[in-house]
Amino acid sequence: LYPVGSGPFALEEYQINDLVRLRRHEHYWRGPVKMEQVVFDISQRGTGTLAKLLRNECDVLSSPISSQIPVIEKHPNMVLTATPAMNVAFIAINTSHLALQDVRVRQALNLAINRQNILDSIYYGTGTIAYTLLPPSSWAYQKDSVKIRFDRNYALALLREAGYESELTLSMWVP
C-alpha cells in the first residue's frame, strides 16, 4: 500500500482504463475511516457503469448518461440527485457558404429546429430550452430574451422566398 499524501486512503490498485482502488489507511493521523475502500471506475462510459450500480458492485454513479436516468428513477433503492449544468448546445453557421449568407436561410434553420423534441429524445427531459448562450443558472443570464419557436411551415416559406424551394444541400457536424 502506498499512502496518497497523508489522507485517509492509500492506493492499493490501479488498472489502466478500468479502476483505481484506494484502501483505508490504517495509520491516518485522524484514525481509520469508516469505509474500507473507495473504488473509482475509470472504464469507458456506457451501460457498464449503471450495471455495476444495479448489481451493487458500486455505491455511487456520477454523471449518468441521460438515457440511464429513467432506469435510476424507477429503482426503489436508488436516489437521484440532479443539479442544472452550465452546458449549452448551439449551432455555429459558416456564413462563407453562399446560401447561409442570406438571413432568411439562417432564420429558416433556426425555425426548423424542434428544440423540445431534442430535449425529449436526447436529454430525456432533463434539459431546458436555452434562449441565449448563457444558461439560466448564470448570473449574466437575460431572462427577457426572445424565445425562438419551432415553425416548420414558416421555415419552408423563408427558404422558398430565398430561392431554395427544392435544392439546398448543407452539411452539419454534430458531436
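Residues numbered from 1 in each chain as written. Predicted model: local features only at pLDDT ≥ 70, side-chain atom pairs only at ≥ 80, totals over all residues. Heavy atoms only, no water.

**Let's talk about the pairing of strand β2 (residues 9–15)**
Logical step 1: In terms of strand pairing, β2 meets strand β3 (residues 19–24) through six bridges, oriented antiparallel. Looking across to β3, one finds that A10 is bridged to R23.
Logical step 2: What sits between β2 and β3 in their antiparallel hairpin is a turn of three residues, with N17 showing a positive phi close to 60°. (Pairing = 2+ DSSP bridges. Helix = DSSP H or I, 4+ residues; strand = E, 2+ residues; numbered from the N terminus.)

**A few points about the packing of aromatic side chains**
Logical step 1: Following the criterion strictly, the structure yields one aromatic pair and no others.
Logical step 2: Aromatic pair Y28 and W29: ring centres 5.9 Å apart, planes at 65°, arrangement edge-to-face.
Logical step 3: Residue Y28 is classed as buried on the basis of its relative accessible area of 14%.
Logical step 4: Residue W29 is classed as exposed on the basis of its relative accessible area of 62%. (Phe/Tyr/Trp six-rings, centres within 6.5 Å; stacked < 30°, edge-to-face > 60°. Buried < 20%, exposed > 50% of the residue type's maximum accessible area, 1.4 Å probe, protein only.)

**As for unusual backbone geometry**
Logical step 1: Although it is not a glycine, N17 adopts a positive phi angle of roughly 60°.
Logical step 2: Mapped onto the elements, N17 comes out in the loop between β2 and β3.
Logical step 3: Among the residues examined, N17 registers a relative accessible area of 54% and is labelled exposed.
Logical step 4: Residues other than glycine seldom take positive phi values, yet S63 does so here, at roughly 50°.
Logical step 5: Within the element layout of this structure, S63 appears in the loop between α1 (47–54) and α2 (69–74).

Function cannot be inferred from these measures alone, as they are strictly geometric.
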